[in-house]
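# Observations on the three-dimensional arrangement
One letter stands for each residue in the lines below.
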Amino acid sequence: MTLIAEARATSRAPEALLAHFRDHMLDHGLEVTGALEDTRINNGGTIALLKLRQGGIDLRIEAPSIDKLADTKIMVAGHLNGLAEDETLGIVWTGDGAIASGDARPHNFRLSRVVSARDITPRMRRVTIQGEGFDRFAGENHHLKILMPQGPGEPAWPRLTPSGVPQFDSTVLIRRTYTIRRLDLAAGEMDIDFVLHGDTSPGPRFALRAQPGDWLGLMGPGGGSVKADGWTLLGGDETALPAIARGLEAMPRDAQGLALIEVADAAEEQAIDAPPGLPVRWLHRNGAPYGEKLLEAMRGAEYRPVEQVSAWAACENATARSIREHWMQERKLTRGRYRAVGYWRQGAGEDDEEH
């Protein structure tokens, strides 16, 4: 049975908004087809249809389950609202899974509590958490939103709006995106690794102060995963290390390629069970600017024939942009065979940092 939800996004410039949305979905690794005015997006078997109309965009989602329907509602409405910035789109879903008020918790929300916290390198701290319903996070997508309470006790957790997007009290919960480093469904546990850079940012502050029993909200998963596809080139800094490590450990043992990981110094290297044919090369900054060593190594890497190469990188925003341009302009990789993501932005305030 196919479940269907429909809505309309009202916009002063719907054509520009939809073009931006298409590019954003391509950057997230989703399949985007059709002309601009009749866009079709495949979100893991769930189809989002976006049609240009006078003064807006008609939205339709066709999903095989209520869970996938809700996921795609959040994806479509959340990203459209985020890209619109200075206007209210007024998205209200009708049809299957519609809600009238914000009384329900998001379907992808899970409660957890801290079990333990420990340093695994001088600048990386691992927090182990425990909860129920973690089977939701067992698929290919390895990222999730963590919701960090700002006071003692259990906070008010998010509720759904008719747009399908969760509503938060920003004074109670701070949200950041992190990678699931380890998932143990039998124990109901997962590990999340935090890069430590003082205690002024919410993520490091939470990790440094975490005590057994502390609350942590989880939403997701999202953000895709790191997979082998032909000869695979991976790259990143400390913020991408958990994603690269988990991706390498999940790859077939006959995978081929190269992983380039930039870290502060030799003390930040970690043991990673990578396939023998996909070695990890550690790049030590030793005081050099962020991204300099990674970009240099990317430009100097020896590739297989272009048609056999897939490439993935995550790091500081400007570095990610330079890597993406290198793959596109100099290496001539086909779009869809590469993805370079900005996990953080040099000089940005803590509210803009996500990993």
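Given the structure is predicted, the values throughout are model-derived calculations rather than measurements.

## Quick notes on the overall build of the protein
The number of helices and strands found in the protein is 6 helices and 19 strands. Here the C-alpha atoms of the protein give a radius of gyration of 21 Å, agreeing with the 20 Å that 2.2 N^0.38 yields for 355 residues. Referenced to the eigenvectors of the C-alpha coordinate spread, the extents of the protein come out at roughly 55 × 50 × 40 Å. The 355 residues of the protein split such that 50% are buried. Once local pairs closer than 6 in sequence are excluded, the contacts in the protein between residues at least 24 apart make up 68%. Accessible surface, the protein as shown: approximately 16300 Å² in total, 47% of it carbon and sulfur.

## A look at the sheet that holds strand 3 (residues 38–43)
Hydrogen bonds between backbone atoms are what pair the strands of a sheet, whose relative direction is either parallel or antiparallel. Pairing in this open sheet of 6 strands is antiparallel, and the strands run 2-3-4-5-1-6 from one edge to the other. Across the chains shown, the open sheet's two edge strands, defined by having one partner strand only, are strand 2 (31–33) and strand 6 (94–95). In this structure, strand 3 lies alongside strand 4 (residues 46–53), joined through 6 bridges in antiparallel fashion. Note that in strand 4 the partner of Asn-43 across the bridge is Thr-46. Seen against the sheet, helix 1 (residues 14–27) touches strand 2, strand 3, strand 4 and strand 5 (56–63) and runs at an angle of roughly 155° to strand 4.

## Notes on the packing of aromatic side chains
Applying the stated rule across the entire model yields 7 aromatic pairs. Pairing Tyr-290 with Trp-344 gives two aromatic rings, centres 5.0 Å apart and planes at 80°, and the pair type is edge-to-face. Of this pair, Tyr-290 sits in the loop between strand 17 (280–284) and helix 5 (292–300) while Trp-344 is found in strand 19 (residues 338–344), placing the two residues 54 residues apart along the sequence. Cluster of aromatic residues (ring-pair linked, three or more members): Tyr-178, Phe-194 and Phe-206.

## Here's the deal with the pattern of salt bridges
Oppositely charged side chains can form a pair if their charged atoms are brought close together. Taken as a whole and judged by the stated rule, the model has 22 salt bridges. Between Arg-123 and Glu-268 there is a salt bridge; the shortest N-O distance is 3.3 Å. Pair noted here: Arg-123 is in the loop between strand 7 (109–121) and strand 8 (124–131) and Glu-268 is in the loop between strand 16 (256–263) and strand 17, with a separation of 145 residues, a long-range link. Judged by relative accessible area, Arg-123 falls into the partly exposed class, the value being 34%. Salt bridges sharing common partners tie together Arg-182, Asp-184, Glu-189 and Asp-191.

## A short note on helix 1
Here helix 1 contains 14 residues, and its C-alpha end-to-end distance of 20 Å stays within 8% of the 20 Å for a straight helix at 1.5 Å per residue. Three or more residues of helix 1 are buried, namely Pro-14, Leu-17, Leu-18, Phe-21, Arg-22 and Met-25. Looking straight down helix 1, one finds its buried side chains confined to an arc of 140°; they lie on one side. Of the exposed residues in helix 1, those oriented more than 90 degrees away from the buried face are Glu-15 and Ala-16. Those residues of helix 1 that are buried lie in contact with strand 2, strand 3, strand 4, strand 5 and helix 2 (66–84).

## Topic: the nonpolar core
Core analysis: the largest hydrophobic core is formed by 29 residues, its most contacted members being Leu-50, Leu-59 and Val-76. For this core, the secondary-structure elements that each account for two or more residues are strand 1 (3–10), helix 1, strand 4, strand 5 and helix 2. Looking at this core, the element that brings in the most residues is helix 2, giving 7 residues. Among the nonpolar cores identified, the runner-up in size contains 24 residues, and Val-226, Met-251, Ala-259 and Ala-314 belong to it.

## Some thoughts on unusual backbone geometry
Cis peptide bonds are those with omega within 30 degrees of zero, and the linkage from Gly-220 to Pro-221 qualifies with 5°. Tracing the backbone through its elements, the reader meets Pro-221 in strand 14 (residues 215–222). Phi angles above zero are rare outside glycine, and Glu-85 is one such case at about 60°. Inspection of the secondary structure puts Glu-85 in the loop between helix 2 and strand 6. Unlike most non-glycine residues, Lys-332 shows phi in positive territory, near 60°. Relative to the helices and strands, Lys-332 is located in the loop between helix 6 (317–330) and strand 19.

## With respect to the packing of helix 1 against helix 2
Two elements in contact, helix 1 and helix 2, have axes whose closest approach is 10 Å; the angle formed by their N-to-C orientations is 120°. One element, helix 1, and the other, helix 2, form an angle in the oblique class. For the pair helix 1 and helix 2, the sense of crossing is right-handed. In this structure, helix 1 contributes Leu-17, His-20, Phe-21, His-24 and Met-25 to the contact, and helix 2 contributes Met-75, Val-76, His-79, Leu-80, Leu-83 and Ala-84.

## Digging into the packing of helix 5 against helix 6
Geometrically, a packed helix pair is captured by the angle between its two axes and the distance between the axes. Put simply, helix 5 and helix 6 touch, their axes get as near as 10 Å, and they point 10° apart. Considering their axes alone, helix 5 and helix 6 lie roughly parallel with respect to each other. Of the residues in helix 6, those in contact with Leu-294, Leu-295, Met-298 and Arg-299 of helix 5 are Thr-319, Ser-322, Ile-323, His-326 and Trp-327. Here the residues of the contact of helix 5 with helix 6 are counted per class, giving 5 nonpolar, 3 polar and 1 charged.

## Quick word on the confidence of the model for the protein
Taken as a whole, the protein shows an average pLDDT of 91; of its residues, 96% reach a score of 70 or greater. Contacts of residues 349–353 to residues separated by more than four positions or lying in other chains number 10 contacts, the stretch itself having pLDDT below 50.

Calculation criteria
Sequence positions are assigned chain by chain, starting from 1 and proceeding in written order. Only residues with pLDDT of at least 70 are given local features in this predicted model, and only at 80 or more are side-chain atom pairs given and counted; all residues enter the totals for whole chains, interfaces and linings. Heavy atoms throughout the structure, all of them, feed into the side-chain values; hydrogens and water do not. The secondary structure listing takes helices from DSSP runs of H or I that are at least 4 residues long and strands from runs of E that are at least 2 residues long, numbered from the N terminus. Here the radius of gyration uses the C-alpha set of atoms, whereas the globule reference equals 2.2 Å times the residue count to the power 0.38. Remark: exposure states derive from per-residue accessible area (1.4 Å probe, protein chains only) relative to the maximum for the residue type, with buried under 20%, exposed over 50%, and partly exposed in between. In this analysis, two residues are considered to be in contact whenever any of their non-hydrogen atoms come within 4.5 Å of each other. Computed by Shrake-Rupley with a 1.4 Å probe, the accessible areas treat only the displayed protein chains as cover when residues are assessed. Strands were regarded as paired on the criterion that DSSP finds at least two bridges between them. Between N-to-C directions, angles cover 0 to 180 degrees, with each direction set by a line fitted to C-alpha atoms, over the stretch in contact for helices. Aromatic contacts are taken between Phe, Tyr and Trp rings whose centres are within 6.5 Å, Trp giving its six-membered ring; a plane angle under 30 degrees counts as stacked, one over 60 as edge-to-face, and the others as tilted. Criterion for a salt bridge: a side-chain nitrogen of Lys or Arg within 4 Å of a carboxyl oxygen of Asp or Glu. Under the convention used throughout, the expected extent of a helix is 1.5 Å for every residue step, that is, one less than its residue count. Directions from the helix axis toward the C-beta atoms define the arc. In plain words, nonpolar cores are sets of buried Ala, Val, Leu, Ile, Met, Phe, Trp, Tyr and Cys residues tied together by side-chain atoms within 4.5 Å. Small angles under 35 degrees read as roughly parallel and large ones over 145 as roughly antiparallel, with 65 to 115 read as roughly perpendicular and the rest as oblique. The handedness criterion is simple: a crossing whose near helix is rotated anticlockwise from the far helix by less than a right angle is left-handed, and one whose near helix is rotated clockwise is right-handed. Residue type decides the class: Asp, Glu, Lys and Arg count as charged, Ala, Val, Leu, Ile, Met, Phe, Trp, Tyr, Cys and Pro as nonpolar, and the leftover types, Gly among them, as polar. One number per residue, pLDDT, summarises how confident the predictor is, and it ranges from 0 to 100.

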